[in-house]
Amino acid sequence: YDIWRDNSKAKRYTLWISKKGVAEEPSSIISHNRVSTIQIGGCVLIGVHMPTNFKDFVSDYALWKRLISCMKNQKNVISIGDYNAYTDCDDINVRSLYKELSLHCTNVVSEKIPTFIGGTSVDKVLINNKLLKYVKKRNIALQEDFELSDHKYIQAEFEFEDAF
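These lines cover the structure that appears in this document, whether it is placed above or below. (Residues numbered from 1 in each chain as written. Predicted model: local features only at pLDDT ≥ 70, side-chain atom pairs only at ≥ 80, totals over all residues. Heavy atoms only, no water.)

Observations concerning a nonpolar patch on the surface
Which entries qualify depends on this criterion: What makes a patch is a set of residues exposed beyond 30% relative accessible area and free of salt bridges, joined within 9 Å when like-charged and within 5 Å when nonpolar (Val, Leu, Ile, Met, Phe, Trp, Tyr). Only the protein chains shown count as cover for residues, and all accessible areas are computed by the Shrake-Rupley method using a 1.4 Å probe. The term salt bridge refers to a pairing of a side-chain nitrogen on Lys or Arg with a carboxyl oxygen on Asp or Glu at a separation within 4 Å. Starting at the N terminus, helices and strands are each numbered in turn, a helix being any DSSP run of H or I of at least four residues and a strand any DSSP run of E of at least two. Categorising residues by exposure relies on relative accessible area from a 1.4 Å probe, with only protein chains included: less than 20% of the type maximum marks a residue as buried, more than 50% marks it as exposed, and the intermediate range marks it as partly exposed.
Taken together, the side chains of Y1, I3 and I17 define a hydrophobic patch exposed on the protein surface, amounting to about 410 Å² of accessible area. Summarising the element assignment, I17 is placed in strand β2 (residues 15-18). Take I17: its relative accessible area is 56%, and that puts it in the exposed class.

Observations concerning the sheet that holds strand β6 (residues 105-107)
Heads up, the rule is: Strand pairing is assigned whenever DSSP detects at least two bridges linking the two strands. Convention adopted: a line fitted to C-alpha atoms gives each axis, helices being fitted over their contacting stretch, and angles between N-to-C directions are expressed from 0 to 180 degrees. Residue contacts follow a heavy-atom distance rule, with two residues in contact if any of their heavy atoms lie within 4.5 Å.
Spatially, five strands are ordered β3-β4-β5-β7-β6 in an open sheet, and the strand pairing comes out mixed. Across the chains shown, the open sheet's two edge strands, defined by having one partner strand only, are β3 (35-40) and β6. Direction aside, the axes of adjacent strands within the sheet are offset by 20 degrees on average. Where helix α1 (residues 57-73) meets the sheet, its contacts fall on β3, β4 (43-49), β5 (77-82), β6 and β7 (123-128), and the angle it forms with β5 comes to roughly 150 degrees.

With respect to the nonpolar core
Our working definition: For our purposes a nonpolar core is just a set of buried Ala, Val, Leu, Ile, Met, Phe, Trp, Tyr and Cys residues, chained together by side-chain atoms within 4.5 Å.
Judged by nonpolar contacts, the single largest core of 23 residues is most densely connected at I46, W64, L67, Y83 and L101. Elements supplying a minimum of two residues to this core: β4, α1 and α2 (92-102). Of the residues forming this core, the biggest block, six residues, is contributed by α1. When neighbours within four sequence positions are excluded, I46 is seen to be in contact with W16, I29, I30, V35, S36, T37, L67, C70, V77, I78, S79 and I80. Core analysis: the second largest hydrophobic core is formed by 14 residues, W16, C43, V109 and L131 among them.

Brief notes about the state of the cysteines
Linking two cysteines covalently through their sulfur atoms gives a disulfide. Here is the rule we go by: A pair of cysteine sulfur atoms is labelled a disulfide when the two atoms are within 2.5 Å.
Summed over the entire model, instances satisfying the criterion amount to zero disulfides. Among the cysteines around C43, which has no disulfide bond, C70 carries the closest sulfur, lying 11 Å off. Among the residues examined, C43 registers a relative accessible area of 7% and is labelled buried. Counting only cysteine sulfurs, C105 is the nearest neighbor of C70, a cysteine outside any disulfide, at a range of 10 Å.

Describing the side chain of Q143
For clarity, the threshold we go by: Nitrogen and oxygen atoms within 3.5 Å of one another constitute a polar contact, given that in protein one can donate a hydrogen and the other can accept it, and given that sequence-neighbouring residues count only through two side-chain atoms.
By secondary structure assignment, the location of Q143 is in the loop between β8 (135-142) and β9 (154-160). Residue Q143 is classed as buried on the basis of its relative accessible area of 17%. Engagement of the side chain of Q143 in a polar contact is seen with the backbone oxygen of D145, the distance being 3.2 Å. For Q143, the contacting residues outside a window of four places in its chain are L148, H151, K152 and Y153.

Topic: the pattern of salt bridges
For the structure shown, the criterion picks out three salt bridges. The partner of K124 in a salt bridge is E111, and the shortest N-O contact between them spans 3.0 Å. A residue pair is termed long-range when its members are at least 10 positions apart, and K124 in strand β7 and E111 in the loop between β6 and β7 qualify at 13 residues.

Notes on the packing of aromatic side chains
Rules: When the centres of two rings from Phe, Tyr and Trp lie within 6.5 Å, Trp using its six-membered ring, the rings pair. Their planes under 30 degrees apart give stacked, over 60 give edge-to-face, and anything left gives tilted.
Across all of its chains, the model carries five aromatic pairs by this definition. Taken together, a centroid distance of 5.3 Å and an interplanar angle of 15 degrees make the contact between F57 and Y61 stacked. Separated by four residues within a single helix, F57 and Y61 lie in helix α1, roughly one turn from each other. Judged by relative accessible area, which is 42%, F57 ranks as partly exposed. Members of the aromatic cluster, joined through ring pairs, are F54, F57 and Y61.

Encoded structure:
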């Protein structure tokens, strides 16, 4: 297997584990210990654990804005992870930033399905709206119960038209 993560010296990381030789590291789209990026074919996958209750407002806000910019300006992006954002989220910053992000992508996991043990839908699979039109088929599967984590396991499979 290959393991992909940000190269910073942070104590925690968001990472990808992929079958050897399947993925490659794209040019730096977003570099942050809460984000990990890989490329498979023509598609860029961004794994996230987005900040909430901003401790460092400038840094946390900037990370959200970089992700929004990426979704707005790239056409081949799928972002997967814990956004710490949901309908009626208490954090006004996260709520407004997620709303802005949602203008450029579609969450293919229903907001009505709790993905976190607290009863909220913070875990998402966001596909760029420019890429969404090339999806021929998709299959989203969620873990039934919270077994190994306080988050449900989400599996997303996409089949794309050749033109993208």
